[in-house]
Amino acid sequence: MSLLIIDKLSLSIDTKPILQNVSMAVEPGQIRGVIGESGSGKSMTAFSVLQLLPDRSTCSGRITFAGHDLLTATEETLCSIRGNDIGMVFQEPMTALNPLHTIGAQVAETIRIHEPKTSRREAMRRAAATLERCELPNARFPLSRYPHELSGGQRQRVVIAMAIALQPKLLIADEPTTALDVTTQAEILDLLRRLVSEDGMGLMLITHDLAVVSGIADRISIMRQGEVVEEGDGATLHRTMQHPYTKALFAASGHQPDRAPQPPTAPLLQVKNVVRDYTMPRKTLFGAPRKFRAVDDVSFTLNKGESLGLVGESGCGKSTLTRAILGLDKTQGGEILIDGKPVFAGNTPDRAVRRKMQVVFQDPYGSFNPRHTVERLITEPFHLLDTPPKGADRAKAIDEALLSVGLTPADKSKYIHEFSGGQRQRIAIARALIIKSELIVLDEAVSALDVSIRAQILDLLTDLAARFGLTYLFISHDLSVVRSITDRVLVMQAGKIVERGPTEQIFVNPQRAYTKSLIAAIPTLPEGATDA
Amino acid sequence: MLRYALKRLQSLVISLVIASLVIFAAIEVIPGDPASFMLGFNAKPEAVEALRDQLGLNQSLIKRYFSWVSGLLTGNFGTSYTYRSPVSEIIGDRLWISLPLAVYALTLTVLIAFPAGIFAATRRGSRTDVAVMSVTQLGVAIPNFWFAILMVLLFSINLRWFSAGGFPGWENGFWPAIKALTLPAIALALPQASILARVMRSSLLDTLGQDYIRTSRAKGLTRRQALWRHALRNALIPVLTIIGLQFSFLLAGAIIIENVFYLPGLGRLVFQSISQRDLIVVESVVMLLVFAVILVNFTVDLAYAWVDPRLRARA
Amino acid sequence: MNRNLTLGIALTAVFIIGALVSLFWTPFDVTKLAISQKMQTPSAIHWFGTDHFGRDIFSMIMVGAQTSIAVALVAVGIGMGFGVPLGLTAAARKGSLLDEVIMRGNDVVFAFPSLLIAILITAIFGPSALNAIIAIGIFNIPVFARLTRGAALSLWTQDYILSARVSGKSAARISVEHILPNVTNLLIVQGTIQFSLGILAEAALSYVGLGAQPPTPSWGRMLADSQTLISLAPHMALFPGFAILLTVLGLNLAGDGLRDMLDPRLRRAGR
């Protein structure tokens, strides 16, 4: 007898169809992986189970959980099931907790809501025990802590503790690790797996990342545009898969752009002993302001035509270093040279140096002024030229830039909201190319994209590097992407470069313990899964 | 928490100092010679000189500023030349009408706005919601002194439930005094309550859309429980800001409403002083009101920290 | 266009047109006193009746609209003209001494409700419509400065601002080119709200005698005159009050409607 059976579930919001004929089941003690890219309806499937859907949603089909038909159950029944028999963990731990209540009170609330006779003290005692189970020792994380005092991973443990406090039969986790660093992700996945085996509960694990699920899921459902396109065994799906979308998804997840390594040439970017301090708020009213050293004596060289990866977890200082290289912030020590000239000359950044460098940011939605046309957006770097092209030359430059990233000249009169995420990233690249800069800084440039789109953009970047002899500084927290597109890698931890070397060497034979833990934490597809 | 309070206290003091400088400059520096200004241009030179002497105008500006400020701190506001009595006494009497009126109105505002806003937010789109939104839309647009006039017309002249104005004084009993302040307080409160109810509603709707509300529902809380336990306190943060602002509007509004009901409060005093050119009284009343506004903002800042642990930790 | 916006614009338009027409023509001359006609109730000749000097109230409301609209509009102009550049500057130099000075200055001005500013000015220079403009205008400055700074600060963290900086653009240029166009919607909405608050404030100031002086007709003044005669001629209190109420209501509805129309969040949902 299955714990949860979703049978031909269809869902529409405001008559807009979201899900069609979705069927899947979860057995006790089993992990069901649900995989799909954005818009596939995977999260809505989860919310349908809990019946926590947006207003004006209509469901049809059947969702049976432990003998209850959830679609026809009263709100009262649903409230007694939610949190008691079915727990849920959400994607964004930073906003999933009430900022005004202590973590102890929030975990204890789950208990007191369903067992109102429990005394406050008893509920707090059980909350403490549950947090211990979720690897938040009370000694270090007392119940009186507030969410803002915890890191993302620690908050996610609190959310999990809230969900499992009453040892539910089913746990639904919606992208529980997407917002987290790779080592934290591995820890959270281990925790979930342990809780499943200890409590014998079913787990519905929703993610966009095939590699995350393939290691731990017993069964996998692949979703696309509101439908389940394929269903199979976690360990063997890569061999038994039939649907072209599944095959494409596997192929894109392990995608390796076809690139030839570059022979070393002259240095383009030199970073020498760079130090960047932040001033912290004073601790006492009249004390000296405290300093936080975000970048600590960092040196490296990037050669022309080379692709260099800079990896590290959030807070390691890689974003601060990037800002310093881009000349956005002043450094407190050392120098940053492009072609031998400093980026900052005196107090103002040097335009002649700056025009050799452009940047592509992570967020395809925040990277563009929504009120400007594509033409105006991509020609912004012309500001760095002493004599910007005019008339026909200008039009030619725009057309060339758009064509080189796979868009058409007609796109230049459109506004940014008319493009998809992947297309926006192409426009960002076109903007970086338009003044023929040599160095392109790619700051998490593919991190926000779905895997299939990501593969296309990586191919484009490889192709452009070969055609124009571009030099890349590739900053990312995603090690598998860095592996596929760089010649050398720098590993950054707590403001310092802790390990450096040729990419393959670092990945195959890391020396430092930190690098080893990073690489061990990368979720991997089963052997041979990407050959399809 | 203490550090936060100290920091707010520091900015309270700075604001007060700047405000006092502005008021001092406006009253004692810009008009040139306040004494001849106050007495008019046909005054006898001896009279002007006597007043200059009395006001200490022959001292340097800096010395005058400091003696004014130290006077304010010790409760010595100087002597009014029209009333020929200490300004602190004159203001003290009037303050006991204006301040209770503002507090009364603020209480009414909160008592009306909170239930209305919560009710509308929880039944979004319902008939109740539409009704609350329409009534408050009108309430926001109505000039409070006109509303006061209409109430006088209805309740005092036609129905004769209240007297049309005047104040019996607190010494003649608490309830008669409260009764005399009731129509003015309602007139002041209605527009402010409309604003606050709308803020409460939109802030609650905002909060109800947050992730942690969804989390609490996934724990098994009903809609109502999620509202009371999680949404309300979070929604209170912008509402507190507005309440702080409203107190200053209520104080200023009280000055105007006192005119409708012939209440001998600070408002009447300040307008009489303007027409009699009694700058010393104007200066003191304005400083007092500004002090009240800054003090309320300080209290609101402390209330934030009480509601929000993130603020207590920061700073 | 939604219903609120249509209704709001229609109401506002009625009063603006009334004010404009009154520049050239009114049913009766409001400067002529006709004591024999005093305090007439509404009739076919005098639609809203006459006041205690026999002047036509309908005509006075038309002329009064000039004062209200002019005062409120100029006050919004002062608020925007000073407040927006201050807010943009403070945001562009966030955390600097300049930012601190601007924001602290705002706090102090905010502690002076426009009535107190008007009292201070009147105590020295005597009452006039100009006082009302200055008092309300000064009060508007921190409103716009805070709004602009807040919105600009969140825009400054956007990646497109960073890439403009990578393209070597100065803070001033970025403020004008990228920040200002993206806060315009907010400014329009807030401008409408401050316009309506300005009309309320002007009426209050005129009512207590700190605003426009006789013989200039103004709505607040008319209400002050009506008060002593309220039991004899209630119509004198009704019509000017409704004029204020409807103008403010119209502007508020227009403001709400504009916000709904311009809010990118709502627009995205509709797409």
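Now for a description of the structure that goes with this document.

Definitions and limits used
- Residues numbered from 1 in each chain as written.
- Chains lettered and ligands numbered in written order.
- Predicted model: local features only at pLDDT ≥ 70, side-chain atom pairs only at ≥ 80, totals over all residues.
- Heavy atoms only, no water.
- Helix = DSSP H or I, 4+ residues; strand = E, 2+ residues; numbered from the N terminus.
- Contact = heavy atoms within 4.5 Å.
- Lys, Arg positive; Asp, Glu negative; His and termini not counted.
- Charge placed at Lys NZ, Arg CZ, Asp CG, Glu CD.
- Salt bridge = Lys/Arg side-chain N within 4 Å of Asp/Glu carboxyl O.
- Buried < 20%, exposed > 50% of the residue type's maximum accessible area, 1.4 Å probe, protein only.
- Patch = residues over 30% accessible without salt bridge, like charges linked within 9 Å, V, L, I, M, F, W, Y side chains within 5 Å.
- Areas by Shrake-Rupley, 256 points an atom, 1.4 Å probe, with all protein chains shown as cover.
- Buried area = accessible area lost by both parts, 1.4 Å probe.
- Nonpolar A, V, L, I, M, F, W, Y, C, P; charged D, E, K, R; others polar.
- Expected span 1.5 Å × (residues − 1).
- Pairing = 2+ DSSP bridges.
- Axes fitted to C-alpha atoms, helices over the stretch in contact; angles between N-to-C directions.

1. Examining the overall build of chain C
Along its length, chain C carries ten helices and zero strands. Counted from the first residue to the last, chain C has its helices and strands arranged as α-α-α-α-α-α-α-α-α-α. When contacts within chain C are restricted to residue pairs at least 6 apart in sequence, long-range pairs at least 24 apart make up 69% of them. The average position of the 18 basic charges and that of the 13 acidic charges among the side chains of chain C differ by 7 Å.

2. Structural notes on the pattern of salt bridges
Residues and elements named next belong to chain A. Considering all chains together, one arrives at 51 salt bridges over all chains under this definition. A salt bridge links Lys304 to Asp339; the shortest N-O distance between them is 3.3 Å. With Lys304 in the loop between β12 (290-303) and β13 (307-311) and Asp339 in the loop between β14 (333-338) and β15 (341-342), this pair connects stretches of sequence that are 35 residues apart. When the shortest N-O distance is used, the salt bridge between Lys356 and Asp339 registers 3.3 Å. Placement of the pair is Lys356 in the loop between α12 (351-354) and β18 (357-360) and Asp339 in the loop between β14 and β15, with a sequence separation of 17 residues. Overall, the relative accessible area of 29% leaves Asp339 in the partly exposed class. Within this structure, Arg133, Glu135, Arg157, Glu187, Arg194, Glu198 and Asp199 form a network of salt bridges that share partners.

3. A look at a nonpolar patch on the surface
On the surface, C:Ile16, C:Ile17, C:Leu20, C:Val21, C:Leu23, C:Phe24 and C:Trp25 cluster together into a nonpolar patch covering about 750 Å² of accessible area. Along the polypeptide, C:Leu20 turns up in helix α1 (residues 3-22).

4. Details of the interface of chain B and chain C
At the junction of the two partners, chain B supplies 45 residues and chain C supplies 39 residues. A buried area of about 3,700 Å², summed over both sides, lies between chain B and chain C, and 82% of it is on carbon and sulfur atoms. Between chain B and chain C we count one salt bridge in total. B:Arg198 is the salt-bridge partner of C:Asp256, the closest N and O atoms lying 3.2 Å from each other. Every element with two or more residues in the side of chain B that touches chain C is listed here: α1 (2-29), α6 (127-141), α7 (144-158), α8 (174-208), α10 (223-261), α11 (266-275) and α12 (279-307) of chain B. The greatest single-element share of the side of chain B that touches chain C, amounting to nine residues, is contributed by α1(B). Here the side of chain B that touches chain C is composed, by residue class, of 38 nonpolar, five polar and two charged.

5. What about α12(B)?
Under the 1.5 Å per step criterion, the end-to-end length of α12(B) is 42 Å for 29 residues, consistent within 8% with the ideal 42 Å. Taken across its 29 residues, α12(B) has 21 buried, putting it largely inside the fold.

6. Side note on the environment of A:Ile206
Residue and element names in this part refer to chain A. Tracing the backbone shows Ile206 in strand β8 (residues 202-207). In sequence terms Ile206 and Asp174 are 32 residues apart; their C-alpha atoms lie 4.8 Å from each other. In contact with Ile206, not counting residues within four places along its chain, are Val34, Lys42, Ala46, Ile172, Ala173, Asp174, Glu175 and Pro176.

7. Overview of the sheet that holds strand β21 (residues 488-493) of chain A
All names here are of chain A. Judged by pairing direction, the sheet is mixed, and its six strands sit side by side in the order β18-β19-β20-β13-β21-β22 without closing on themselves. The sheet terminates laterally at β18 and β22 (496-502), the two strands that pair on one side only. Here the average twist between neighbouring strands, direction ignored, is 20°. Across four bridges, β13 lies against β21 in parallel orientation.

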